[in-house]
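Spelled out, the chains give:
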Amino acid sequence: MKTRIQSINALEVLDSRGFPTVRVNVALEGGIIASSSVPSGASTGENEATELRDGDPARYGGKGVRQAVKNVQTEIAKALCGLDASEQANIDGTMIELDGTENKSRLGANAILGVSQAVARAAAQAAGLPLYAYLGGAGAKHLPVPMMNVLNGGKHADSSLDFQEFMIMPVGAPSLAEALRYGAETFQALKKILHGKGYATSVGDEGGFAPQLKGGNEEACELIVGAIEKAGYKPGEDIAIALDPAASSFFENDQYSLTRSGQGNKTSAGMIDLFAAWIDRFPIISIEDGLAENDWDGFAAMTARMGNRIQIVGDDILVTNPKFVARGIAEKACNAALIKLNQIGTVSETIDAIHLCRKAGWGFVISHRSGETEDAFMADFAVAMGGGQIKTGSMCRSERIAKYNRLLEIEAELGKAARFGA
Ligand code: PGA
Ligand code: ZN
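Thresholds applied
Residues numbered from 1 in each chain as written. Chains lettered and ligands numbered in written order. Predicted model: local features only at pLDDT ≥ 70, side-chain atom pairs only at ≥ 80, totals over all residues. Heavy atoms only, no water. Near = heavy atom within 4 Å. Polar contact = N/O pair within 3.5 Å; in protein donor to acceptor, adjacent residues only side chain to side chain. Areas by Shrake-Rupley, 256 points an atom, 1.4 Å probe, with all protein chains shown as cover. Nonpolar A, V, L, I, M, F, W, Y, C, P; charged D, E, K, R; others polar. Domains from an automatic or database assignment. Contact = heavy atoms within 4.5 Å. Buried area = accessible area lost by both parts, 1.4 Å probe. Salt bridge = Lys/Arg side-chain N within 4 Å of Asp/Glu carboxyl O. Helix = DSSP H or I, 4+ residues; strand = E, 2+ residues; numbered from the N terminus. Donors = N, O, S within 2.8 Å, 3.2 Å for Na, K, Ca; no water. Buried < 20%, exposed > 50% of the residue type's maximum accessible area, 1.4 Å probe, protein only.

Focus: the site of ligand 1
Residues in close proximity to ligand 1 total 15 residues, the closest being Ala42, His156, Arg369, Ser370 and Lys391. Within the backbone of Ala42, an N or O atom sits 2.6 Å from an oxygen atom of ligand 1. Measuring from an oxygen atom of ligand 1, one finds a side-chain N or O atom of Lys340 at 3.1 Å. In the complex, 100% of the free accessible area of ligand 1, which totals 280 Å², lies under the protein chains. Broken down by class, the residue content of the shell around ligand 1 amounts to two nonpolar, five polar and eight charged. Here the shell around ligand 1 gathers at least three residues from each of two domains, domain 1 (5-128) and domain 2 (142-420).

Rendered as C-alpha coordinates:
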(Lines give C-alpha, C1' and ligand atoms only; values in the text may rest on other atoms or scores of the structure.)
(Ligands and ions follow the chains in the order given, each with its own letter.)
Protein backbone atom coordinates (compact mmCIF):
# COMPACT_ATOMS: atom_id res chain seq x y z
CA MET A 1 0.00 0.00 0.00
CA LYS A 2 1.28 3.42 -1.09
CA THR A 3 0.51 5.14 2.23
CA ARG A 4 1.83 2.44 4.55
CA ILE A 5 4.64 3.70 6.79
CA GLN A 6 7.92 2.05 5.84
CA SER A 7 10.37 3.78 8.17
CA ILE A 8 10.63 6.63 10.65
CA ASN A 9 13.81 8.41 11.59
CA ALA A 10 14.70 11.46 13.65
CA LEU A 11 17.51 13.96 14.08
CA GLU A 12 18.55 16.46 16.72
CA VAL A 13 18.49 19.86 14.96
CA LEU A 14 18.53 23.46 16.26
CA ASP A 15 15.74 25.95 16.78
CA SER A 16 15.79 29.74 16.36
CA ARG A 17 17.35 30.23 19.81
CA GLY A 18 20.11 27.73 19.07
CA PHE A 19 18.56 25.11 21.35
CA PRO A 20 18.16 21.51 20.20
CA THR A 21 14.86 20.26 18.90
CA VAL A 22 13.50 17.20 17.11
CA ARG A 23 13.16 16.72 13.37
CA VAL A 24 11.39 13.60 12.13
CA ASN A 25 11.52 11.91 8.71
CA VAL A 26 8.79 9.55 7.65
CA ALA A 27 9.09 7.29 4.58
CA LEU A 28 6.05 5.63 3.01
CA GLU A 29 6.06 2.43 0.97
CA GLY A 30 5.05 4.42 -2.11
CA GLY A 31 8.42 6.22 -1.97
CA ILE A 32 7.29 9.46 -0.37
CA ILE A 33 9.52 10.98 2.29
CA ALA A 34 8.38 13.90 4.44
CA SER A 35 9.85 15.65 7.44
CA SER A 36 8.76 18.02 10.17
CA SER A 37 10.42 19.88 13.04
CA VAL A 38 9.04 20.75 16.45
CA PRO A 39 9.04 24.25 18.01
CA SER A 40 9.65 25.11 21.66
CA GLY A 41 8.21 27.72 24.03
CA ALA A 42 9.86 29.90 26.70
CA SER A 43 6.81 31.11 28.62
CA THR A 44 5.26 27.69 28.83
CA GLY A 45 2.06 26.80 30.63
CA GLU A 46 2.51 24.43 33.57
CA ASN A 47 0.00 21.98 32.11
CA GLU A 48 1.59 21.68 28.70
CA ALA A 49 2.61 18.26 27.41
CA THR A 50 6.20 17.49 28.36
CA GLU A 51 9.09 18.41 26.12
CA LEU A 52 11.62 15.64 26.77
CA ARG A 53 15.10 17.07 27.39
CA ASP A 54 18.16 14.97 28.17
CA GLY A 55 19.17 16.94 31.26
CA ASP A 56 22.85 16.22 30.59
CA PRO A 57 24.65 19.42 31.64
CA ALA A 58 27.60 18.51 29.43
CA ARG A 59 25.46 19.00 26.29
CA TYR A 60 23.52 22.21 25.51
CA GLY A 61 23.12 22.96 29.22
CA GLY A 62 20.88 19.91 29.60
CA LYS A 63 18.64 20.85 26.67
CA GLY A 64 19.72 18.04 24.32
CA VAL A 65 16.96 15.91 22.80
CA ARG A 66 18.88 12.71 22.04
CA GLN A 67 16.51 10.61 24.12
CA ALA A 68 13.45 11.99 22.30
CA VAL A 69 15.20 11.26 18.98
CA LYS A 70 15.97 7.73 20.17
CA ASN A 71 12.35 7.22 21.22
CA VAL A 72 11.26 8.04 17.68
CA GLN A 73 13.85 5.74 16.15
CA THR A 74 13.04 2.80 18.41
CA GLU A 75 9.71 2.47 20.21
CA ILE A 76 7.64 4.83 18.07
CA ALA A 77 9.03 3.55 14.76
CA LYS A 78 8.38 -0.02 15.82
CA ALA A 79 4.77 0.72 16.77
CA LEU A 80 3.94 2.74 13.65
CA CYS A 81 5.77 0.98 10.81
CA GLY A 82 3.21 -0.88 8.73
CA LEU A 83 0.34 1.44 9.72
CA ASP A 84 -1.50 3.60 7.20
CA ALA A 85 -0.23 7.20 7.31
CA SER A 86 -3.58 8.49 6.06
CA GLU A 87 -5.22 7.35 9.29
CA GLN A 88 -3.99 10.26 11.42
CA ALA A 89 -6.26 9.52 14.38
CA ASN A 90 -4.98 5.95 14.54
CA ILE A 91 -1.34 7.07 14.28
CA ASP A 92 -1.78 9.65 17.04
CA GLY A 93 -3.87 7.32 19.22
CA THR A 94 -1.22 4.60 18.92
CA MET A 95 1.49 6.99 20.13
CA ILE A 96 -0.65 8.29 23.01
CA GLU A 97 -1.29 4.73 24.15
CA LEU A 98 2.34 3.72 23.73
CA ASP A 99 3.46 6.70 25.82
CA GLY A 100 0.96 5.80 28.52
CA THR A 101 1.22 9.02 30.54
CA GLU A 102 -1.21 11.91 30.95
CA ASN A 103 1.28 14.50 29.61
CA LYS A 104 3.43 12.52 27.14
CA SER A 105 6.34 12.64 29.55
CA ARG A 106 7.65 9.14 28.84
CA LEU A 107 8.30 9.39 25.10
CA GLY A 108 8.20 13.20 24.96
CA ALA A 109 5.64 15.46 23.29
CA ASN A 110 8.49 16.72 21.09
CA ALA A 111 9.09 13.17 19.80
CA ILE A 112 5.38 12.45 19.37
CA LEU A 113 4.47 15.75 17.67
CA GLY A 114 7.38 15.49 15.25
CA VAL A 115 6.05 12.13 14.10
CA SER A 116 2.43 13.29 14.07
CA GLN A 117 3.26 16.27 11.81
CA ALA A 118 5.63 14.36 9.53
CA VAL A 119 3.03 11.61 9.05
CA ALA A 120 0.37 14.20 8.10
CA ARG A 121 2.73 15.78 5.61
CA ALA A 122 3.66 12.42 4.09
CA ALA A 123 0.00 11.41 3.78
CA ALA A 124 -0.81 14.75 2.13
CA GLN A 125 1.94 14.20 -0.44
CA ALA A 126 0.73 10.67 -1.07
CA ALA A 127 -2.77 12.04 -1.67
CA GLY A 128 -1.32 14.59 -4.09
CA LEU A 129 -2.67 17.45 -1.99
CA PRO A 130 -1.08 20.48 -0.36
CA LEU A 131 -1.02 20.02 3.41
CA TYR A 132 -3.74 22.63 4.06
CA ALA A 133 -6.12 20.89 1.65
CA TYR A 134 -5.34 17.44 3.01
CA LEU A 135 -6.02 18.50 6.63
CA GLY A 136 -8.83 20.96 5.88
CA GLY A 137 -10.65 19.45 2.92
CA ALA A 138 -11.93 21.16 -0.20
CA GLY A 139 -13.34 24.04 1.87
CA ALA A 140 -9.92 25.13 3.14
CA LYS A 141 -9.53 28.48 1.41
CA HIS A 142 -9.60 30.92 4.31
CA LEU A 143 -6.36 32.82 4.95
CA PRO A 144 -5.90 34.00 8.55
CA VAL A 145 -5.37 37.57 9.74
CA PRO A 146 -1.89 37.70 11.28
CA MET A 147 -1.12 38.98 14.76
CA MET A 148 2.36 40.43 14.26
CA ASN A 149 4.42 40.81 17.38
CA VAL A 150 6.26 44.10 16.81
CA LEU A 151 7.39 44.84 20.39
CA ASN A 152 8.82 42.05 22.55
CA GLY A 153 9.10 41.91 26.32
CA GLY A 154 8.67 39.47 29.19
CA LYS A 155 10.54 36.23 28.73
CA HIS A 156 11.23 36.98 25.07
CA ALA A 157 13.46 40.03 25.46
CA ASP A 158 15.47 42.05 27.98
CA SER A 159 13.42 45.13 27.21
CA SER A 160 11.65 47.34 29.74
CA LEU A 161 8.32 45.70 28.92
CA ASP A 162 6.63 43.42 31.45
CA PHE A 163 4.17 42.40 28.79
CA GLN A 164 5.50 39.81 26.40
CA GLU A 165 3.85 40.71 23.11
CA PHE A 166 2.52 43.88 21.51
CA MET A 167 1.02 42.86 18.20
CA ILE A 168 -0.55 44.55 15.21
CA MET A 169 -3.47 43.00 13.32
CA PRO A 170 -4.16 44.35 9.81
CA VAL A 171 -7.91 43.77 10.13
CA GLY A 172 -8.79 46.17 7.31
CA ALA A 173 -6.55 44.55 4.70
CA PRO A 174 -8.32 42.95 1.74
CA SER A 175 -5.97 39.96 1.43
CA LEU A 176 -3.16 38.17 3.22
CA ALA A 177 -0.59 39.67 0.87
CA GLU A 178 -1.88 43.16 1.63
CA ALA A 179 -2.02 42.40 5.36
CA LEU A 180 1.65 41.51 5.26
CA ARG A 181 2.43 44.74 3.41
CA TYR A 182 0.46 46.79 5.98
CA GLY A 183 2.32 44.98 8.76
CA ALA A 184 5.78 45.25 7.23
CA GLU A 185 5.35 48.95 6.49
CA THR A 186 4.18 49.60 10.05
CA PHE A 187 7.10 47.58 11.41
CA GLN A 188 9.53 49.72 9.39
CA ALA A 189 7.76 52.91 10.52
CA LEU A 190 8.08 51.77 14.13
CA LYS A 191 11.79 51.20 13.60
CA LYS A 192 12.22 54.79 12.39
CA ILE A 193 10.22 56.15 15.34
CA LEU A 194 12.27 54.15 17.86
CA HIS A 195 15.53 55.18 16.20
CA GLY A 196 14.43 58.82 16.22
CA LYS A 197 13.77 58.67 19.94
CA GLY A 198 17.17 57.14 20.60
CA TYR A 199 15.81 53.69 21.44
CA ALA A 200 17.53 50.47 20.38
CA THR A 201 16.08 48.70 17.35
CA SER A 202 17.51 45.25 18.03
CA VAL A 203 14.89 42.49 18.18
CA GLY A 204 13.66 39.83 20.62
CA ASP A 205 12.91 36.13 20.19
CA GLU A 206 9.90 36.66 17.93
CA GLY A 207 11.40 39.46 15.85
CA GLY A 208 9.73 42.43 17.53
CA PHE A 209 11.81 45.37 18.75
CA ALA A 210 13.01 45.18 22.32
CA PRO A 211 13.72 48.74 23.50
CA GLN A 212 14.16 50.13 26.98
CA LEU A 213 11.10 52.36 26.77
CA LYS A 214 10.98 54.99 29.50
CA GLY A 215 7.19 54.80 29.55
CA GLY A 216 7.02 50.98 29.72
CA ASN A 217 3.97 49.06 28.57
CA GLU A 218 1.88 52.13 27.94
CA GLU A 219 4.45 53.85 25.78
CA ALA A 220 4.58 50.63 23.74
CA CYS A 221 0.93 51.06 22.79
CA GLU A 222 1.43 54.76 22.05
CA LEU A 223 4.40 54.07 19.79
CA ILE A 224 2.48 51.40 17.88
CA VAL A 225 -0.42 53.78 17.25
CA GLY A 226 2.14 56.32 16.04
CA ALA A 227 3.74 53.76 13.74
CA ILE A 228 0.39 52.73 12.25
CA GLU A 229 -0.31 56.40 11.45
CA LYS A 230 3.20 57.08 10.16
CA ALA A 231 2.81 54.16 7.76
CA GLY A 232 -0.38 55.78 6.43
CA TYR A 233 -2.98 53.54 8.07
CA LYS A 234 -5.91 54.21 10.39
CA PRO A 235 -5.50 52.74 13.89
CA GLY A 236 -8.42 50.48 14.73
CA GLU A 237 -9.75 50.50 11.18
CA ASP A 238 -6.89 49.28 8.99
CA ILE A 239 -4.72 47.95 11.79
CA ALA A 240 -5.69 47.10 15.36
CA ILE A 241 -3.61 46.10 18.38
CA ALA A 242 -3.52 42.70 20.10
CA LEU A 243 -1.69 42.00 23.36
CA ASP A 244 -0.23 38.93 24.99
CA PRO A 245 0.99 40.03 28.43
CA ALA A 246 1.74 36.34 29.25
CA ALA A 247 0.82 37.33 32.81
CA SER A 248 1.91 34.03 34.41
CA SER A 249 5.48 35.18 33.85
CA PHE A 250 5.13 38.18 36.20
CA PHE A 251 2.69 36.70 38.70
CA GLU A 252 4.53 36.31 42.02
CA ASN A 253 3.30 35.96 45.59
CA ASP A 254 -0.33 36.37 44.55
CA GLN A 255 0.38 39.64 42.77
CA TYR A 256 1.03 40.84 39.26
CA SER A 257 4.43 42.54 39.52
CA LEU A 258 4.95 45.10 36.79
CA THR A 259 8.49 45.72 37.94
CA ARG A 260 10.29 46.31 34.67
CA SER A 261 8.02 49.19 33.72
CA GLY A 262 7.83 50.49 37.28
CA GLN A 263 4.04 50.20 37.40
CA GLY A 264 4.21 48.32 40.70
CA ASN A 265 2.15 45.40 41.95
CA LYS A 266 -1.42 44.80 40.95
CA THR A 267 -4.20 42.47 42.01
CA SER A 268 -6.22 40.52 39.49
CA ALA A 269 -8.94 43.21 39.69
CA GLY A 270 -6.27 45.89 39.27
CA MET A 271 -5.06 44.24 36.06
CA ILE A 272 -8.60 44.06 34.73
CA ASP A 273 -9.07 47.79 35.50
CA LEU A 274 -5.83 48.51 33.64
CA PHE A 275 -7.02 46.60 30.56
CA ALA A 276 -10.45 48.25 30.74
CA ALA A 277 -8.76 51.66 30.67
CA TRP A 278 -6.49 50.62 27.82
CA ILE A 279 -9.23 49.34 25.57
CA ASP A 280 -10.88 52.78 25.86
CA ARG A 281 -7.61 54.52 25.01
CA PHE A 282 -6.03 52.26 22.39
CA PRO A 283 -7.45 50.27 19.46
CA ILE A 284 -6.96 46.95 21.27
CA ILE A 285 -9.17 44.13 19.99
CA SER A 286 -7.63 41.05 21.60
CA ILE A 287 -5.92 40.30 24.93
CA GLU A 288 -4.29 36.90 25.50
CA ASP A 289 -3.21 35.72 28.95
CA GLY A 290 -3.95 39.07 30.53
CA LEU A 291 -4.01 37.13 33.81
CA ALA A 292 -2.06 34.16 35.18
CA GLU A 293 -2.78 30.57 34.22
CA ASN A 294 -4.40 29.60 37.53
CA ASP A 295 -6.48 32.77 37.87
CA TRP A 296 -9.67 31.13 36.53
CA ASP A 297 -11.92 33.49 38.49
CA GLY A 298 -10.03 36.50 37.21
CA PHE A 299 -10.34 35.27 33.63
CA ALA A 300 -14.09 34.81 34.07
CA ALA A 301 -14.39 38.30 35.61
CA MET A 302 -12.41 39.83 32.75
CA THR A 303 -14.49 38.01 30.12
CA ALA A 304 -17.73 39.09 31.84
CA ARG A 305 -16.53 42.70 31.91
CA MET A 306 -15.09 43.13 28.41
CA GLY A 307 -15.70 39.91 26.47
CA ASN A 308 -18.42 41.62 24.45
CA ARG A 309 -15.95 44.27 23.27
CA ILE A 310 -12.73 42.38 22.70
CA GLN A 311 -11.37 38.88 22.21
CA ILE A 312 -10.13 37.28 25.45
CA VAL A 313 -7.68 34.54 24.49
CA GLY A 314 -6.57 31.72 26.78
CA ASP A 315 -3.07 30.37 26.17
CA ASP A 316 -1.28 29.09 29.30
CA ILE A 317 -4.62 28.59 31.06
CA LEU A 318 -5.96 26.26 28.31
CA VAL A 319 -2.73 24.79 26.85
CA THR A 320 -4.58 23.52 23.72
CA ASN A 321 -5.83 20.68 25.91
CA PRO A 322 -9.45 19.66 25.21
CA LYS A 323 -9.88 19.08 28.95
CA PHE A 324 -8.94 22.65 29.87
CA VAL A 325 -10.68 24.15 26.83
CA ALA A 326 -13.89 22.41 27.95
CA ARG A 327 -13.45 23.85 31.45
CA GLY A 328 -12.81 27.31 30.00
CA ILE A 329 -16.02 27.09 27.99
CA ALA A 330 -18.04 25.89 30.99
CA GLU A 331 -16.66 28.66 33.22
CA LYS A 332 -16.82 31.36 30.51
CA ALA A 333 -13.17 32.06 31.28
CA CYS A 334 -12.36 33.35 27.78
CA ASN A 335 -14.01 33.66 24.41
CA ALA A 336 -11.12 32.34 22.33
CA ALA A 337 -8.22 29.89 22.60
CA LEU A 338 -4.62 30.07 21.50
CA ILE A 339 -3.77 26.88 19.66
CA LYS A 340 -0.23 25.51 19.77
CA LEU A 341 0.33 22.01 18.44
CA ASN A 342 3.21 21.29 20.78
CA GLN A 343 1.24 22.21 23.91
CA ILE A 344 -0.79 19.04 23.47
CA GLY A 345 1.52 17.02 21.23
CA THR A 346 -0.52 15.51 18.39
CA VAL A 347 -2.29 16.87 15.34
CA SER A 348 -5.48 14.94 16.24
CA GLU A 349 -5.81 16.30 19.77
CA THR A 350 -5.16 19.82 18.50
CA ILE A 351 -8.04 19.41 16.06
CA ASP A 352 -10.21 18.13 18.95
CA ALA A 353 -9.47 21.32 20.93
CA ILE A 354 -10.42 23.42 17.89
CA HIS A 355 -13.70 21.49 17.48
CA LEU A 356 -14.62 22.44 21.04
CA CYS A 357 -13.92 26.10 20.26
CA ARG A 358 -16.06 26.02 17.14
CA LYS A 359 -18.93 24.33 18.96
CA ALA A 360 -18.87 26.97 21.69
CA GLY A 361 -18.73 29.85 19.21
CA TRP A 362 -15.23 30.72 20.43
CA GLY A 363 -12.51 32.18 18.28
CA PHE A 364 -9.17 30.42 17.98
CA VAL A 365 -5.70 31.56 16.96
CA ILE A 366 -3.17 29.15 15.51
CA SER A 367 0.18 30.03 17.07
CA HIS A 368 3.91 29.50 16.71
CA ARG A 369 6.28 29.20 19.69
CA SER A 370 9.03 31.64 20.62
CA GLY A 371 11.58 28.96 19.66
CA GLU A 372 10.79 28.03 16.04
CA THR A 373 12.35 26.36 13.03
CA GLU A 374 12.04 26.87 9.29
CA ASP A 375 9.16 24.37 9.26
CA ALA A 376 5.95 26.16 8.22
CA PHE A 377 3.58 23.33 9.19
CA MET A 378 1.46 25.69 11.28
CA ALA A 379 0.78 28.00 8.31
CA ASP A 380 -0.89 25.16 6.40
CA PHE A 381 -2.59 24.07 9.60
CA ALA A 382 -4.06 27.55 10.11
CA VAL A 383 -5.59 27.54 6.62
CA ALA A 384 -6.82 23.97 7.10
CA MET A 385 -8.63 24.93 10.32
CA GLY A 386 -10.12 28.08 8.78
CA GLY A 387 -10.26 30.00 12.05
CA GLY A 388 -9.24 33.30 10.57
CA GLN A 389 -6.33 34.18 12.88
CA ILE A 390 -2.64 33.25 13.09
CA LYS A 391 0.08 34.42 15.46
CA THR A 392 3.51 33.87 14.02
CA GLY A 393 5.76 36.73 14.99
CA SER A 394 7.08 39.93 13.60
CA MET A 395 8.13 41.08 10.15
CA CYS A 396 11.70 39.84 10.42
CA ARG A 397 13.64 36.65 11.36
CA SER A 398 13.39 33.89 8.79
CA GLU A 399 11.78 31.33 11.12
CA ARG A 400 8.80 33.75 11.39
CA ILE A 401 8.85 34.89 7.76
CA ALA A 402 8.85 31.23 6.61
CA LYS A 403 5.26 30.98 7.85
CA TYR A 404 4.21 34.24 6.19
CA ASN A 405 5.85 33.21 2.93
CA ARG A 406 4.03 29.88 3.04
CA LEU A 407 0.73 31.74 3.53
CA LEU A 408 1.56 33.91 0.52
CA GLU A 409 2.13 30.76 -1.53
CA ILE A 410 -1.17 29.30 -0.39
CA GLU A 411 -3.06 32.50 -1.18
CA ALA A 412 -1.53 32.60 -4.65
CA GLU A 413 -2.29 28.93 -5.22
CA LEU A 414 -5.94 29.39 -4.20
CA GLY A 415 -6.23 32.38 -6.53
CA LYS A 416 -9.77 33.72 -6.79
CA ALA A 417 -11.08 31.11 -4.36
CA ALA A 418 -8.98 32.56 -1.50
CA ARG A 419 -10.84 34.29 1.33
CA PHE A 420 -9.25 36.51 3.94
CA GLY A 421 -10.32 37.78 7.33
CA ALA A 422 -11.28 36.77 10.83
P1 PGA B 1 6.15 30.87 24.13
O2 PGA B 1 5.40 32.24 23.90
O3 PGA B 1 6.23 30.17 22.83
O4 PGA B 1 7.47 31.31 24.68
O5 PGA B 1 5.33 30.12 25.14
C6 PGA B 1 4.30 32.40 23.06
C7 PGA B 1 3.07 32.79 23.79
O8 PGA B 1 3.06 32.94 25.03
O9 PGA B 1 2.03 32.94 23.17
ZN1 ZN C 1 0.71 33.50 24.99
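Structure's up, so let's keep going.
Brief notes about the domain arrangement of the protein chain
According to the domain assignment, the protein chain consists of domain 1 (5-128) and domain 2 (142-420). Using only C-alpha atoms to locate each centre, domain 1 and domain 2 end up separated by 27 Å. Taken together, the contact between domain 1 and domain 2 spans 35 residues of the former and 32 residues of the latter. Surface buried jointly by domain 1 and domain 2 totals about 2,600 Å² across both partners, of which 46% is contributed by carbon and sulfur atoms. Linking domain 1 with domain 2 are six salt bridges, by the criterion used here. Across the pair Lys323 and Glu102 runs a salt bridge, and its minimum N-O distance is 3.4 Å. Counting across the domain 1 and domain 2 interface gives 24 residue pairs in polar contact (both at pLDDT 80 or more). Of all elements in the fold, only strand S2 (20-28), strand S3 (33-37), helix H2 (88-99) and helix H3 (109-126) reach the threshold of two or more residues within the side of domain 1 that touches domain 2. At seven residues, H3 tops the list of elements feeding residues into the side of domain 1 that touches domain 2.

Brief notes about the coordination of the zinc ion (ligand 2)
Coordination of the zinc ion (ligand 2) by the protein involves Asp244 (OD), Glu288 (OE) and Asp315 (OD), with metal-donor separations of 2.0 to 2.2 Å. Linear spacing of the donor residues for the zinc ion (ligand 2) on their chain is D-x43-E-x26-D. Of this pair, Asp244 sits in strand S7 (residues 240-244) while Glu288 is found in strand S11 (residues 284-288), placing the two residues 44 residues apart along the sequence. Across this residue pair, the class does not change: Asp244 and Glu288 are buried.

Notes on helix H12 (residues 377-385)
Across the nine residues of H12, nine count as buried, placing the element largely inside the fold. Along H12, the residues that are buried comprise Phe377, Met378, Ala379, Asp380, Phe381, Ala382, Val383, Ala384 and Met385. Downstream of H12 by one or two residues, Gly386 has phi in the positive range, about 65°.

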